[in-house]
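Here's the letter readout for the chains.
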Amino acid sequence: GDSVTQMEGPVTLSEEAFLTINCTYTATGYPSLFWYVQYPGEGLQLLLKATKADDKGSNKGFEATYRKETTSFHLEKGSVQVSDSAVYFCALSTARQLTFGSGTQLTVLP
Amino acid sequence: GAVVSQHPSWVICKSGTSVKIECRSLDFQATTMFWYRQFPKQSLMLMATSNEGSKATYEQGVEKDKFLINHASLTLSTLTVTSAHPEDSSFYICSARDVETGDSSGANVLTFGAGSRLTVL
């Protein structure tokens, strides 16, 4: 079945540091890939998405590129802020449903 | 943009009582809504797919008699936790997909509610 494997956290960075959260997937066919963010006490918000190979999703300084050859969709940000502290979920979708990774807790210290 | 509202956002109840959680799509219609359960520091687990006008489809291992789902209209789905017990304490999140506009790329983009935290004493 479909699955998403995320880098385990928690990840703690200083403000303005570079962020990478690794995500790889297993799926039949050609899924769409997503990153969702969950701030403390809130539901999930779509951060960015990519629907086909080599697509790059970007939003709020975050980027991720759909790499079919490595089945990866790593999340990156060049300079994190304290306000980026949250849990980040990688996900893939097929026609039926969304499959989530286990989530990575990010804490950014001032 | 699309907004999904969940109510209540936090509920505390006694063991043995039933609790109803509502999920509403505020500015779009959703023939399909999804209910997830999230344990502390864990990922979301899909519980069931709620279909307007028909029975919900439950994931393996989810008790349909305990977690009653009703999708009576294109903008409302409800999850009722019956005879709640402390082990049912969790964060329940719903999501919905806009049937009218969907996503121009064809991706299965869902809008999530803010979640409902259930604590059973």
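On a predicted model such as this, the values are computed, not experimentally measured, just so you know.

## So, the overall build of chain B
In step 1: In terms of helices and strands, chain B carries zero helices and eleven strands.
In step 2: Here the C-alpha atoms of chain B give a radius of gyration of 14 Å, agreeing with the 14 Å that 2.2 N^0.38 yields for 121 residues.
In step 3: Along the first, second and third principal axes, the C-alpha atoms of chain B reach 45 × 30 × 25 Å.
In step 4: Within chain B, contacts between residues separated by at least 24 positions form 57% of all contacts whose residues are at least 6 apart in sequence.
In step 5: Total accessible area on chain B is roughly 6000 Å²; 51% of this is exposed by carbon and sulfur atoms.

## A closer look at a nonpolar patch on the surface
Residue and element names in this part refer to chain B.
In step 1: Together, Trp10, Ile12 and Leu121 line one region of the surface with nonpolar side chains, adding up to about 390 Å² of accessible area.
In step 2: Mapped onto the secondary structure, Leu121 falls in the segment after β11 (116–120).
In step 3: Residue classification places Leu121 among the exposed positions, given a relative accessible area of 63%.

## Remarks on the interface of chain A and chain B
In step 1: The interface is formed by 20 residues belonging to chain A together with 19 residues belonging to chain B.
In step 2: Summed over both partners, the interface of chain A with chain B buries about 1400 Å², with 56% contributed by carbon and sulfur atoms.
In step 3: Between chain A and chain B we count zero salt bridges in total.
In step 4: Across the chain A-chain B interface, the total number found is two residue pairs in polar contact (both at pLDDT 80 or more).
In step 5: The element contributing the most residues to the side of chain A that touches chain B is strand β5 (residues 32–38) of chain A, with four residues.
In step 6: Here the side of chain A that touches chain B is built from residues that sort into seven nonpolar, ten polar and three charged.

## A short note on the nonpolar core
In step 1: With 26 residues, the main nonpolar core has Trp35(A), Leu47(A), Leu48(A), Phe73(A), Leu75(A) and Tyr88(A) as its most contacted residues.
In step 2: If you list the elements that add at least two residues to this core, you get β2 (11–14), β3 (19–21), β4 (23–26), β5, β6 (44–50), β8 (62–65), β10 (86–93) and β12 (104–109) of chain A.
In step 3: The element best represented in this core is β10(A), accounting for four residues.
In step 4: Val19(B), Ile21(B), Trp35(B) and Ala48(B) belong to the second-largest nonpolar core, a separate cluster that totals 24 residues.

## Comments concerning the pairing of strand β4 (residues 32–38) of chain B
Residues and elements named next belong to chain B.
In step 1: Counted residue by residue, β4 has seven buried out of seven residues, so it is predominantly covered.
In step 2: With burial as the criterion, each face of β4 is covered, one bearing Thr32, Phe34, Tyr36 and Gln38 and the other bearing Met33, Trp35 and Arg37.
In step 3: What sits between β4 and strand β5 (residues 44–51) in their antiparallel hairpin is a turn of five residues, with Lys41 showing a positive phi close to 60 degrees.
In step 4: Where β4 and strand β9 (residues 90–96) come together, six bridges link them in antiparallel fashion. Across the sheet, the residue bridging to Gln38 is Phe91, located in β9.

Cut-offs and rules
Residues numbered from 1 in each chain as written. Chains lettered and ligands numbered in written order. Predicted model: local features only at pLDDT ≥ 70, side-chain atom pairs only at ≥ 80, totals over all residues. Heavy atoms only, no water. Helix = DSSP H or I, 4+ residues; strand = E, 2+ residues; numbered from the N terminus. Rg over C-alpha atoms; globule rule 2.2 N^0.38 Å. Contact = heavy atoms within 4.5 Å. Areas by Shrake-Rupley, 256 points an atom, 1.4 Å probe, with all protein chains shown as cover. Patch = residues over 30% accessible without salt bridge, like charges linked within 9 Å, V, L, I, M, F, W, Y side chains within 5 Å. Salt bridge = Lys/Arg side-chain N within 4 Å of Asp/Glu carboxyl O. Buried < 20%, exposed > 50% of the residue type's maximum accessible area, 1.4 Å probe, protein only. Buried area = accessible area lost by both parts, 1.4 Å probe. Polar contact = N/O pair within 3.5 Å; in protein donor to acceptor, adjacent residues only side chain to side chain. Nonpolar A, V, L, I, M, F, W, Y, C, P; charged D, E, K, R; others polar. Core = buried A, V, L, I, M, F, W, Y, C linked by side-chain atoms within 4.5 Å. Pairing = 2+ DSSP bridges.

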